[in-house]
Amino acid sequence: LQRVDLVHLAQAISHADSFETLVIIRGRILQLVDNMLAHGASSTQITHIITLLNDHTVCRVIELAIEALGDPGIAFTWLCFGSEGRREQTLHTDQDNGILFEASDAAEAAHIRGRLLAFAERINRDLDTCGFTLCKGNIMASNPQLCLSRQEWQRRFGSFIRESTPENLLSSSIFFDLRAVWGPSEGCEQLRRGMLDEIGENRLFQRMLAENALRHRPPVGRFRDFVVTRKGEGKATLDLKVQGLTPFVDGARLLALSHGIATCNTLDRLRQLVEREVIDEKDGAAYEEAYHFIQQTRMQQHQQQARDGRPYSNRLDPDNLNHLDRRILRESFRQAQRLQSSLAVRYQL
């Protein structure tokens, strides 16, 4: 039944004749995710399906923009970054996107950019209408700094690697998880290959990424089970995304990039690292299970928040969990701690 639902949803999105229709169809994604969670589907299956349907939506929005504004007559690739780039999107998501095109020199790149920016602005606005909120950090294709020729992207990525400022490290953690959603993918793959080659040869940058990957510590103490926020809005809660998932995402990214692994998905990265014997097989399995459980807990919380009409939040009060889930969550955070400890040893931090 879920498969049929998914096929119908994907087809309906791909053939939607207006944005109003898209908005209505996308309302059914919440129902599909609800059904899947109720029937015990794994968080990985669900995030893959959400990403797949989101990809269909992005492609249809671009096609509708071309119909409305006319074909710009320029071959371009719509890139996505961050969780969408890793195929790890949940229902609560904002836009992280850019445009890549081919140009022979800076003058031609500037000319093409001028023609594509209004187009990108329309697409970003229409995606917002369809439920992909505008990025507060302006990581969107309508930003002239993210509508670039392949050579300009290469220079930008190269500067992230060579000039390891805090801003560049933050940017690399977003932009280095990239993939092509619409348009030719060859430029994106060439960009990725160049980036992997440069990172593989730059041990200093790897070390800086490792330091960055240790910033968000899992909320477990030596004596008490959880270390929760003590004051402010999130008092007595912990952050499932920043403190739970991010250590796995950052750790897997660092090890994958430094070993030339091109895939972006966190669990795929962990599996390939095990295959290459960078990570021990049992450790890899434990990290995977821990990541699964934290993501599942987060998605169930989002589901409950949607039912209650509350805004999505990644903050969880551990006292709301039953005794068994509480213990499994604590052990999952400890696995994130173990991964971070292994990075600290590997990079002598």
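Our subject is the structure listed above.
Keep in mind that this is a model prediction, so the values were computed, not measured.

1. Side note on the overall build of the protein chain
Here is step 1 of the chain: A count of helices and strands for the protein chain gives 13 helices and 6 strands.
Here is step 2 of the chain: Scaling as 2.2 N^0.38, a compact globule of 349 residues should have a C-alpha radius of gyration of about 20 Å, and the protein chain matches this with 21 Å.
Here is step 3 of the chain: Based on the C-alpha atoms only, the size of the protein chain along its principal axes is roughly 60 × 50 × 40 Å.
Here is step 4 of the chain: Per-residue burial over the protein chain gives 53% buried out of 349 residues.
Here is step 5 of the chain: Taking contacts inside the protein chain between residues at least 6 apart in sequence as the whole, the part at least 24 apart equals 73%.

2. Remarks on the environment of Ala41
Here is step 1 of the chain: Here Ala41 lies in the loop between helix H2 (19-38) and helix H3 (43-69).
Here is step 2 of the chain: A relative accessible area of 9% means that Ala41 is categorised as buried.
Here is step 3 of the chain: Put simply, Ala41 and Pro144 are 103 residues apart on the chain and 40 Å apart in space, counted from C-alpha to C-alpha.
Here is step 4 of the chain: Apart from residues no more than four positions distant in its own chain, Ala41 is found in contact with Met36, Ile46 and Gln296.

3. A few points about H2
Here is step 1 of the chain: End to end, H2 covers 30 Å across 20 residues, agreeing with the expected 28 Å (1.5 Å per residue, within 8%).
Here is step 2 of the chain: Within H2 the residues assigned to the buried category are Phe19, Leu22, Ile25, Arg26, Ile29, Leu32, Val33, Met36 and Leu37. Considered in projection along H2, the buried side chains sweep an arc of 135° and stay on one side of the axis. Away from the buried face of H2 by more than 90 degrees, exposed residues Glu20, Ile24, Gln31 and Ala38 are located.
Here is step 3 of the chain: Looking one or two places after H2, you find Gly40, whose phi comes out positive at around 80°.

4. Describing the pairing of strand S1 (residues 76-80)
The side chains of a regular strand alternate between the sheet's two faces.
Here is step 1 of the chain: Burial within S1 is extensive, with 5 of its 5 residues counted as buried.
Here is step 2 of the chain: As defined by bridge partners, S1 adjoins strand S4 (residues 179-182) across 3 bridges and the pair is classed as antiparallel. When the bridges of S4 are listed, Trp78 appears paired with Trp182.

5. Some thoughts on the pairing of strand S2 (residues 97-101)
Here is step 1 of the chain: Within S2, 5 of the 5 residues are buried, which leaves the element mostly enclosed by the surrounding structure.
Here is step 2 of the chain: On S2, burial covers both faces: Asn97, Ile99 and Phe101 on one face and Gly98 and Leu100 on the other are all buried.
Here is step 3 of the chain: Sheet topology places S2 next to strand S3 (residues 147-149); 3 bridges connect them, and they run parallel. When the bridges of S3 are listed, Ile99 appears paired with Cys147.
Here is step 4 of the chain: Traced from S2 through helix H5 (residues 106-129) to S3, the parallel crossover comes out right-handed.

6. Some remarks on the sheet that holds S3
Here is step 1 of the chain: In space, the 4 strands of this open sheet follow the order S3-S2-S1-S4, with mixed pairing throughout. One side of each edge strand has no neighbouring strand; the edge strands of this open sheet are S3 and S4. The mean angle between the axes of side-by-side strands here comes to 40°, regardless of whether they run parallel or antiparallel.
Here is step 2 of the chain: Across 5 bridges, S1 lies against S2 in antiparallel orientation. By the bridge assignment, Phe76 is partnered in S2 with Phe101.
Here is step 3 of the chain: Sheet contacts for H5: S1, S2 and S3; angle to S2, the most-contacted strand, approximately 150°.

7. Quick notes on the side chain of Asn265
Here is step 1 of the chain: Tracing the backbone shows Asn265 in the loop between helix H10 (240-258) and helix H11 (266-275).
Here is step 2 of the chain: One polar contact links the side chain of Asn265 to the main-chain amide nitrogen of Leu267, over a distance of 3.2 Å.
Here is step 3 of the chain: At 3.1 Å, the side chain of Asn265 forms a polar contact with the backbone nitrogen of Asp268.
Here is step 4 of the chain: Setting aside residues up to four positions removed in sequence, Asn265 forms contacts with His48, Arg86, Arg87 and Glu88.

8. Some remarks on the pattern of salt bridges
Here is step 1 of the chain: In total, this model carries 20 salt bridges according to the counting rule given.
Here is step 2 of the chain: Residue Asp308 is joined to Arg310 by a salt bridge in which the shortest nitrogen-to-oxygen separation is 3.1 Å.
Here is step 3 of the chain: A relative accessible area of 44% means that Asp308 is categorised as partly exposed.
Here is step 4 of the chain: A network of salt bridges, in which partner residues are shared, links Arg86, Glu88, Asp177, Asp250, Arg253 and Arg269.

Basis of the calculations
Residues numbered from 1 in each chain as written. Predicted model: local features only at pLDDT ≥ 70, side-chain atom pairs only at ≥ 80, totals over all residues. Heavy atoms only, no water. Helix = DSSP H or I, 4+ residues; strand = E, 2+ residues; numbered from the N terminus. Rg over C-alpha atoms; globule rule 2.2 N^0.38 Å. Buried < 20%, exposed > 50% of the residue type's maximum accessible area, 1.4 Å probe, protein only. Contact = heavy atoms within 4.5 Å. Expected span 1.5 Å × (residues − 1). Arc of directions from axis to C-beta. Pairing = 2+ DSSP bridges. Right-handed = clockwise from strand over helix to strand, strands pointing away. Axes fitted to C-alpha atoms, helices over the stretch in contact; angles between N-to-C directions. Polar contact = N/O pair within 3.5 Å; in protein donor to acceptor, adjacent residues only side chain to side chain. Salt bridge = Lys/Arg side-chain N within 4 Å of Asp/Glu carboxyl O.

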